[in-house]
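Take a look at the letters that make up each chain.
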Amino acid sequence: MQIESAQFTISNTDIQKCPSGNRPEFAFIGRSNVGKSSLINALCNQKRLAKTSSRPGKTQLINHFLINEQWFLVDLPGYGYARVSKTQKKKFQAYIETYFRERSQLVLAFVLLDIRHPAQPIDLEFIAWLGSQQIPFYLIFTKADKLKPKAIERQVTAYTEALQEDWEEVPPYFITSATSKEGLESVTNAIGDILQALSATQ
Ligand code: GTP
Ligand code: MG
């Protein structure tokens, strides 16, 4: 599948104000600074569609981007950003949780993981929570340009082993870089396959 058009639709913290209708959507979630917004820009081939920053905590709202006038990519705030206050962190978590619990248009979450880091408790906890809510998810390893192929292989193996401690099956995963554009086509193809399967059942 090709992304032909991408437009910003709306930002908010209130899921009641997210776009109405039944367009399917795919959400990007993961720790602050993992590269969620950068990956959305790279997938859409636009530099400033989603706001990015080298400082964690840039995205603070639920952002909907309409793709090919048919479906949405959703950029979410990161979790685990140490420098926001505890109450603010709680507030983030509350509306992110509400988004995942109540947003019936959500088809799949992509959980982004920095390829350079070993499995972190906060990510494993979030993944377990998605599982407990029966929210389907795939994994995306980001910033693959930062490591050599051998190291990438090592990191992914270690990660899948860590997941297998809790999960019988490891979900589909993608190795990507917003910088080198590696792996982007496999992400859009996976979305395309899901959309096709959805339209076949409608
Ligand atoms: P929050 O909105 O704060 O949660 O962060 P985010 O996950 O949206 O991360 P963002 O896309 O803003 O990127 C964070 C930093 O990582 C920026 O400095 C990006 O330039 C950098 N970055 C993102 N993706 C890549 C990548 O694939 N390769 C490299 N080398 N840097 C990347
Ligand atoms: Mg962001």
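Structure's up top.
Residues numbered from 1 in each chain as written. Chains lettered and ligands numbered in written order. Predicted model: local features only at pLDDT ≥ 70, side-chain atom pairs only at ≥ 80, totals over all residues. Heavy atoms only, no water.

Asks: So what exactly am I meant to see when it comes to the side chain of Lys36 here?
Replies: Topologically, Lys36 is positioned in helix α1 (residues 36–44). One polar contact links the side chain of Lys36 to the main-chain carbonyl oxygen of Gly30, over a distance of 3.2 Å. Setting aside residues up to four positions removed in sequence, Lys36 forms contacts with Phe28, Ile29, Gly30, Arg31, Asp75, Leu76, Pro77, Gly78 and Leu112. (Helix = DSSP H or I, 4+ residues; strand = E, 2+ residues; numbered from the N terminus. Polar contact = N/O pair within 3.5 Å; in protein donor to acceptor, adjacent residues only side chain to side chain. Contact = heavy atoms within 4.5 Å.)

Asks: What exactly am I supposed to notice about the environment of Gln105 here?
Replies: Positionally, Gln105 belongs in the loop between α2 (86–102) and β5 (106–114). The exposure class assigned to Gln105 is buried, which follows from its relative accessible area of 15%. Sequence separation between Gln105 and Met1 is 104 residues; the distance between their C-alpha atoms is 20 Å. With residues near it in sequence (within four places) discarded, Gln105 still touches Pro19, Gly21, Asn22, Arg23, Pro24 and Glu25. (Buried < 20%, exposed > 50% of the residue type's maximum accessible area, 1.4 Å probe, protein only.)

Asks: What exactly am I supposed to notice about the side chain of Thr59 here?
Replies: Tracing the sequence through the fold places Thr59 in the loop between α1 and β3 (62–67). Within polar-contact distance, the side chain of Thr59 engages the side chain of Ser37 at 2.9 Å. Sequence-distant contacts of Thr59, that is, excluding residues within four places in its chain, are made with Ser37, Lys51, Asp75, Leu76, Pro77 and Gly78.

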